[in-house]
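Structural features, examined
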Amino acid sequence: MNEPVWKRNEIESPCINVCVVHPVTRLCTGCARSIDEITHWSRMSPEARAAVMLELPTREPAPKTRRGGRAARLKR
């Protein structure tokens, strides 16, 4: 028999190990979760985690436009 020596039940997570919280949206730029969601993830019910996972594709963790760069600084 080829049974594993041990097995872990990992909590499903959208984390992709790009953990940077955007200062304006307050969402992780890697997984789009809020700080509160990340903090409470392991204590959330499977149903609550599933609800967040369904919502994540609709979130924009970081604005798509640039802040202005050099041109915006020169206008100040």
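Data block above holds the structure.
We now turn to the structure provided with this report. As a convention, each chain's residues are numbered from 1 in the sequence order in which they are written. Whole-chain, interface and lining totals are the exception, using all residues; otherwise, since this is a predicted model, local features are given only for residues with pLDDT of at least 70 and side-chain atom pairs are given and counted only at 80 or more. Just so you know, side-chain values use all the structure's heavy atoms and leave hydrogens and water out.

1. Overview of the state of the cysteines
Worth spelling out the cut-off: Any two cysteine sulfur atoms within 2.5 Å of one another count as a disulfide.
One pass over the full model with this rule turns up 0 disulfides. This cysteine, Cys 15, is not joined by any disulfide, and Cys 19 carries the nearest cysteine sulfur, 4.1 Å off.

2. Points about the nonpolar core
Spelled out, the test is: By nonpolar core is meant a set of buried Ala, Val, Leu, Ile, Met, Phe, Trp, Tyr and Cys residues that side-chain atoms within 4.5 Å join together. Only protein chains enter the calculation, and the probe is 1.4 Å; a residue is then buried if its accessible area is under 20% of its type maximum, exposed if over 50%, and partly exposed in between. Should any heavy atoms of two residues lie within 4.5 Å, those residues are counted as being in contact.
If you look at the biggest cluster of nonpolar residues, it comprises 5 residues: Ala 32, Trp 41, Met 44, Val 52 and Leu 56. In this structure Trp 41 touches Ile 11, Glu 12, Ser 13, Pro 14, Arg 33, Arg 49, Val 52 and Met 53, once residues within four positions along its chain are discounted.

3. Comments concerning unusual backbone geometry
This is how it is decided: Only DSSP runs of H or I covering at least 4 residues are called helices, and only runs of E covering at least 2 are called strands; the numbering of each starts at the N terminus.
Of note, the phi angle at Asn 17 is positive, near 60°, even though the residue is not glycine. A positive phi angle, near 75°, is found at Ala 32, a position not held by glycine. Within the secondary structure layout, Ala 32 lies in the segment before α1 (35-40). You can call Ala 32 buried: its relative accessible area is 5%.

4. Looking at the pattern of salt bridges
Stated formally: Throughout this description, the term salt bridge denotes a Lys or Arg side-chain nitrogen within 4 Å of a carboxyl oxygen of Asp or Glu.
Evaluated as defined, the whole model comprises 2 salt bridges. Among the salt bridges present, the one from Arg 59 reaches Glu 37, with a minimum N-O distance of 2.7 Å. On the criterion of sequence distance, the pair formed by Arg 59 in the loop between α2 (46-55) and α3 (69-75) and Glu 37 in helix α1 is long-range, its members being 22 residues apart. Among the residues examined, Arg 59 registers a relative accessible area of 16% and is labelled buried. Residues Arg 59 and Glu 55 are paired through a salt bridge, measuring 3.1 Å at the closest nitrogen-oxygen approach.

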